[in-house]
Amino acid sequence: MTTILVVDDHKELRAVVGRVLTEAGYEVAEAEDGAAALVAFRAQPPALVITDIVMPEKTGIEIIATMKRERPEVKVLAISGGGRTHVMDFLSIARKTGADATLEK
């Protein structure tokens, strides 16, 4: 079964995305911040990571760079609502860091 790691500091968003993916037949792992995401990533490498950008501990940009360095084949979808700045700035940086796709929340 394909595993997808969902990383977001908003519990409700993780729950909704996780439920949709589970109903679609995927195995879902969740992490509430960047540090927890790296632990989950290393414990059970997923096929896809869906990550927020603005989070405590480690940002999505940091974990994208680390994950791509450790496993370049992993696919990453970066999502962001923008925080206090324009969302496209974060998503542009995520793409340059190695995200395979981006999506505005």
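Keep in mind the model is a prediction, meaning the values are calculated, not measured.

Generally speaking, soluble globular proteins have nonpolar side chains that are buried together. Counting 19 residues, the largest nonpolar core has V7, V49 and M67 as its most contacted members. A total of 4 residues in this core trace back to one element, the largest contributor, which is helix α3 (residues 60-70). Aside from chain neighbours lying at most four places away, what touches V7 is A31, D33, A37, V49, I50, T51, D52, M55 and I63. Listed in part, the 5 residues of the second largest apolar core include I4, V6, L21 and I50.

So, about the packing of helix α2 (residues 34-43) against α3. One way to put it is that α2 packs onto α3 with a least axis distance of 10 Å and a crossing angle of 15°. As summarised for this structure, α2 and α3 are arranged roughly parallel, according to the angle between their axes. By crossing handedness, the relation of α2 to α3 is classed as right-handed. Residues G34, A37, L38, F41 and R42 of α2 form the contact with α3, whose own contacting residues are I63, T66, M67 and E70. Taken together, the residues of the contact of α2 with α3 break down into 5 nonpolar, 2 polar and 2 charged.

Bringing the sheet that holds strand β1 (residues 3-7) into the picture now. With respect to topology, 5 strands assemble into an open sheet ordered β2-β1-β3-β4-β5, the strand pairing being parallel. Looking along the sheet, the strands with just one partner apiece sit at the ends: β2 (27-31) and β5 (101-104). In this sheet, neighbouring strand axes are inclined to one another by 20° on average, regardless of whether the strands run parallel or antiparallel. By the bridge criterion, 4 bridges tie strand β4 (residues 75-80) to β5 in an arrangement that is parallel. If you follow A78 over to β5, its bridge partner there is T102. Packed onto the sheet, α2 meets β1, β2 and β3 (48-52) and runs at close to 170° relative to β1. Contacts from α3 reach β1, β3 and β4, with the element oriented near 160° to β3.

What follows is about α2. Along α2, the positions that sit buried rather than exposed are G34, A37, L38 and F41. In an axial view of α2, the angular spread of the buried residues amounts to 100°, which keeps them on one side of the axis. Turned more than 90 degrees off the buried face of α2, the exposed positions are V39 and A43. Contacts from the buried residues of α2 go to β1, β2, β3 and α3. Taking the backbone nitrogen of A35 as reference, a side-chain oxygen 3.1 Å away marks D33 as the first, capping residue of α2.

Calculation rules
- Residues numbered from 1 in each chain as written.
- Predicted model: local features only at pLDDT ≥ 70, side-chain atom pairs only at ≥ 80, totals over all residues.
- Heavy atoms only, no water.
- Core = buried A, V, L, I, M, F, W, Y, C linked by side-chain atoms within 4.5 Å.
- Buried < 20%, exposed > 50% of the residue type's maximum accessible area, 1.4 Å probe, protein only.
- Helix = DSSP H or I, 4+ residues; strand = E, 2+ residues; numbered from the N terminus.
- Contact = heavy atoms within 4.5 Å.
- Axes fitted to C-alpha atoms, helices over the stretch in contact; angles between N-to-C directions.
- Parallel < 35°, antiparallel > 145°, perpendicular 65-115°, else oblique.
- Left-handed = near helix turned anticlockwise from the far one by under 90°.
- Nonpolar A, V, L, I, M, F, W, Y, C, P; charged D, E, K, R; others polar.
- Pairing = 2+ DSSP bridges.
- Arc of directions from axis to C-beta.
- Polar contact = N/O pair within 3.5 Å; in protein donor to acceptor, adjacent residues only side chain to side chain.

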